[in-house]
Amino acid sequence: MNTDEKRVPTVTSLHEVRLLERARTCDPQALSQVYDLYAARIHSYVYHRVGDATLAEDLTGQVFLRMLEAIRNDHAWTTSFSGWLYRIAHNLVVDHFRRRGRSSQVGLDDAPDMPSERHDPVDSAEQRLAGDHLRAAITRLTEEQAQVVSLRFLEERSIAEVAQIIGKSEGAVKALQYRAVIALRRMMEGES
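Just so you know, the residues in each chain are numbered from 1, in the order the chain's sequence is written. Whole-chain, interface and lining totals are the exception, using all residues; otherwise, since this is a predicted model, local features are given only for residues with pLDDT of at least 70 and side-chain atom pairs are given and counted only at 80 or more. With hydrogens and water stripped out, all remaining heavy atoms of the structure feed into the side-chain values.

Caption draft 1: Expanded view of the overall build of the protein. The helix count covers DSSP runs of H or I at least four residues long, the strand count covers runs of E at least two residues long, and both are numbered beginning at the N terminus. Tallying secondary structure elements over the protein gives 9 helices and 0 strands in all. Secondary structure elements of the protein occur, N-terminal to C-terminal, as α-α-α-α-α-α-α-α-α. Note on exposure labels: buried denotes an accessible area under 20% of the residue type's maximum, exposed denotes more than 50%, and partly exposed covers the range between, all computed with a 1.4 Å probe on protein chains only. Counting all 192 residues of the protein, 43% fall into the buried class. Contacts spanning at least 24 positions in sequence make up 63% of the contacts within the protein whose residues lie at least 6 apart. To measure how exposed things are, a 1.4 Å probe is used in the Shrake-Rupley method; for residues, cover is taken only from the protein chains shown. Working note: accessible area of the protein is about 10,800 Å², and carbon and sulfur atoms make up 51% of it. Contacts between residues were defined by any pair of non-hydrogen atoms, one from each residue, lying within 4.5 Å.

Caption draft 2: Representation of the packing of aromatic side chains within the structure. Put simply, two rings from Phe, Tyr or Trp (the six-membered ring, in Trp's case) pair if the centres are within 6.5 Å, and we call them stacked under 30 degrees between planes, edge-to-face over 60, tilted for the rest. Taken as a whole and assessed by the stated rule, the structure comprises 6 aromatic pairs. Consider the rings of Y35 and F64, whose centres lie 4.7 Å apart with planes at 65°: the pair is edge-to-face. With Y35 in helix α3 (residues 28-50) and F64 in helix α4 (residues 53-72), this residue pair connects regions lying 29 residues apart in the sequence. Of the residues examined, F64 reaches a relative accessible area of 7% and is grouped as buried. Taking the centre distance of 5.4 Å and the plane angle of 75° together, the rings of Y45 and Y86 count as edge-to-face.

Caption draft 3: Broad picture of the packing of helix α5 (residues 81-100) against helix α7 (residues 143-154). Throughout, an axis means a line fitted to C-alpha atoms (over the contacting stretch in the case of helices), and angles, computed between N-to-C directions, take values from 0 to 180 degrees. Look at α5 against α7: their axes get within 12 Å of each other, and the N-to-C directions meet at 125°. As judged from the angle between their axes, α5 and α7 are oblique. Crossing of α5 over α7 shows right-handed handedness. Counting all contacts with α5, which are made through Y86, H90 and V94, the residues of α7 involved are E143, Q147 and L151. Here is the rule for angles: anything less than 35 degrees is roughly parallel, anything more than 145 is roughly antiparallel, 65 through 115 is roughly perpendicular, and the remaining ranges are oblique. By definition, turning the near helix anticlockwise from the far helix through less than a right angle yields a left-handed crossing, and turning it clockwise yields a right-handed one.

Caption draft 4: Structural view of the pattern of salt bridges. A pair is scored as a salt bridge if a Lys or Arg side-chain nitrogen falls within 4 Å of a carboxyl oxygen belonging to Asp or Glu. Enumeration according to the criterion identifies 5 salt bridges in this entry. Of the charged contacts, one joins R49 and E143 as a salt bridge, the two residues approaching to 3.2 Å between their closest N and O atoms. Note that R49 is positioned in helix α3 and E143 in helix α7, a separation of 94 residues in sequence. E143 sits in the partly exposed class, given a relative accessible area of 22%.

Caption draft 5: Summary view of the confidence of the model for the protein. Residues at a pLDDT of 70 or more form 78% of the protein, whose mean pLDDT is 79. A score between 0 and 100, pLDDT records how confident the predictor is in each residue. When mean pLDDT is taken per element in the protein, α4 scores highest with 92 and helix α1 (residues 3-6) scores lowest with 41. Residue range residues 1-11 is modelled with pLDDT below 50. Its contacts to residues more than four positions away, or to other chains, number 27 contacts. Counting contacts from residues 103-111, a segment whose pLDDT is below 50, to residues more than four positions away or on other chains yields 13 contacts.

And the structure:
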């Protein structure tokens, strides 16, 4: 997949500005188009954080319900729509982990199938275990570090995009990324 295809659209076109203005007035067609533009990206972000496809679907639905509630209560975004939407998703993920505790490891029986190009069951199992191991390590990072790692490496966002989404400076994002990578390296090497 081309990296540009995966990027969250930024509000640069007049069409997008008008679409978001219509969404702000609860126009059903505009809300549907906004959902179509962002649902897959928000789901991907949530899935990479929780590791459970069904839970990611539920939380993604909640993101859009909260978006609608905020719009209806006149508490919608003020600057970046995508940043605001990702913050809602992040807050829901944090709330989920607080309710459950920090453990988010996925059991082998519950993990989604990861098709291998060669359909080799050993490769598939190794990929699944590596993914579970990495996901477990990410859950031991601070919330901000885990969010930066998810957005930078799993969602392939730029430093500028991550800064906009989490509401921090680019320098702060770089520092969080550096500390997270060091911590992950230590965890992955220590558990090998």
